Amino acid sequence: SAVISQKPSRDICQRGTSLTIQCQVDSQVTMMFWYRQQPGQSLTLIATANQGSEATYESGFVIDKFPISRPNLTFSTLTVSNMSPEDSSIYLCSVLRQGEPGYTFGSGTRLTVV
Amino acid sequence: GDSVTQMEGPVTLSEEAFLTINCTYTATGYPSLFWYVQYPGEGLQLLLKATKADDKGSNKGFEATYRKETTSFHLEKGSVQVSDSAVYFCALSDLRGGGYQKVTFGTGTKLQVIP
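Residues numbered from 1 in each chain as written. Chains lettered and ligands numbered in written order. Predicted model: local features only at pLDDT ≥ 70, side-chain atom pairs only at ≥ 80, totals over all residues. Heavy atoms only, no water.

## Overview of the overall build of chain B
Moving on, step 1. Assigned secondary structure in chain B consists of 0 helices and 12 strands.
Moving on, step 2. Its helices and strands in sequence order give chain B the pattern β-β-β-β-β-β-β-β-β-β-β-β, from N to C terminus.
Moving on, step 3. Taking 2.2 N^0.38 as the reference for a compact globule, 115 residues should give roughly 13 Å; the C-alpha atoms of chain B span a radius of gyration of 14 Å, in line with that estimate.
Moving on, step 4. Based on the C-alpha atoms only, the size of chain B along its principal axes is roughly 50 × 30 × 20 Å.
Moving on, step 5. The 115 residues of chain B split such that 45% are buried.
Moving on, step 6. When the accessible surface of chain B is split by element, carbon and sulfur atoms take 48% of a total near 5,600 Å².
Moving on, step 7. Taken together, the 10 basic and 12 acidic charged side chains of chain B have centroids lying 6 Å from each other. (Helix = DSSP H or I, 4+ residues; strand = E, 2+ residues; numbered from the N terminus. Rg over C-alpha atoms; globule rule 2.2 N^0.38 Å. Buried < 20%, exposed > 50% of the residue type's maximum accessible area, 1.4 Å probe, protein only. Areas by Shrake-Rupley, 256 points an atom, 1.4 Å probe, with all protein chains shown as cover. Lys, Arg positive; Asp, Glu negative; His and termini not counted. Charge placed at Lys NZ, Arg CZ, Asp CG, Glu CD.)

## A closer look at the overall build of chain A
Moving on, step 1. When helices and strands are tallied, chain A shows 0 helices and 11 strands.
Moving on, step 2. Starting at the N terminus, the α and β elements of chain A follow one another as β-β-β-β-β-β-β-β-β-β-β.
Moving on, step 3. Residue burial in chain A is summarised as follows: out of 114 residues, 52% are buried.
Moving on, step 4. Taking all contacts inside chain A whose residues are at least 6 apart in sequence as the whole, residues at least 24 apart take part in 55%.
Moving on, step 5. Per element, the accessible surface of chain A, about 5,200 Å² overall, is 46% carbon and sulfur. (Contact = heavy atoms within 4.5 Å.)

## A short note on the interface of chain B and chain A
Moving on, step 1. Facing 20 residues of chain B, the contacting portion of chain A comprises 19 residues.
Moving on, step 2. Of the roughly 1,500 Å² buried where chain B meets chain A, counting both sides, 55% is carbon and sulfur surface.
Moving on, step 3. Our count for the contact surface shared by chain B and chain A stands at 0 salt bridges.
Moving on, step 4. Summed over the shared surface of chain B and chain A, the result is 4 residue pairs in polar contact (both at pLDDT 80 or more).
Moving on, step 5. Elements with a minimum of two residues in the side of chain B that touches chain A: strand E5 (32-38), strand E6 (44-50), strand E10 (86-95) and strand E11 (101-105) of chain B. (Buried area = accessible area lost by both parts, 1.4 Å probe. Salt bridge = Lys/Arg side-chain N within 4 Å of Asp/Glu carboxyl O. Polar contact = N/O pair within 3.5 Å; in protein donor to acceptor, adjacent residues only side chain to side chain.)

## Comments concerning the sheet that holds strand E8 (residues 75-80) of chain A
Residue and element names in this part refer to chain A.
Moving on, step 1. Across the sheet, 4 strands lie side by side as E1-E3-E8-E7; this open sheet has antiparallel pairing. If you trace the sheet from one side to the other, it starts and ends with strand E1 (4-7) and strand E7 (68-72), each paired once. Within the sheet, the average angular offset between the axes of one strand and its neighbour, ignoring direction, is 15 degrees.
Moving on, step 2. With 6 bridges connecting them, strand E3 (residues 19-25) and E8 associate as antiparallel partners. Bridge pairing in E8 links Cys-23 to Ser-76. (Pairing = 2+ DSSP bridges. Axes fitted to C-alpha atoms, helices over the stretch in contact; angles between N-to-C directions.)

## Details of the state of the cysteines
Residues and elements named next belong to chain A.
Moving on, step 1. In the structure shown here, the tally under the stated rule is 2 disulfides over all chains.
Moving on, step 2. Across the disulfide, Cys-23 is cross-linked to Cys-93 (sulfur-sulfur distance 1.9 Å). Taking the sign of the S-S torsion, -60 degrees for the link of Cys-23 and Cys-93, the bridge is left-handed. Residue Cys-23 is found in strand E3, and its partner Cys-93 is found in strand E9 (residues 89-96); the two are separated by 70 residues along the sequence. (Disulfide = S-S within 2.5 Å.)

Here it is, written out as C-alpha cells:
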C-alpha cells in the first residue's frame, strides 16, 4: 500500500483564520481524496482532488470554504478557510492506486477551532 | 444510493471473548466490501476486504464473508485481545460515473476489550 504523510497531525486555531493541511504520498496514485470525520461520527467525503484542475466537491462542500490543490500525482493540500468551532474535526487524506479496490488513509489532522 | 448499516456500539467484551460486529449493505451494483479499523488517535487502516460474493477476507485473526443473499459482511474474531480496542468501520465501494470508486462508510462500531 501507499505510504501517506499528512501534516500537521493536530492544530488548535482561532476562529476566522485558515489552516492548510498537506498530504504527501510516497508513490504516484490515481486518485486523492479529502474526508472529514466529525467527533464520534463516520467519514464524510469532502472532495476529490484532481491533478492540475479544480477539485470535485461533494454536496454540502464548496471551494471557497475548502480550497484544494493537487499540483502533481503525489501531493495535495486542503485549506479550511474562515474557521468556526463547527469545523473542529479530523481531516483525512486518502488515496487510491490503480487496480486497488480500497483506499489508503493518512493518519489525519485533528483540528480544534476555538 | 449505496448505504452501509452496522451495529451500534460501544461493544464491551472480556479478553478472549468471541466478537461479531454486524454489517449490512445496500448497493445497486456489485460492490467490494471492506472493514477498516481506527485505533485511538490514528487514521483508518484497511483491515480486510472481499471483492465478490462468497469471498472471505481475513487478517490478524479477523474474518468476514461477503454474503450476497443476505447483503451482509459481518466481522468476526474468535478471541479478542485488549489491543483490538478500536473503532471498526464497514464500507463498500462501487463504480460511479467516470470509472472511479466512491467509498461509502458505516457509522462505526467502537469495541472495548477489558482484561
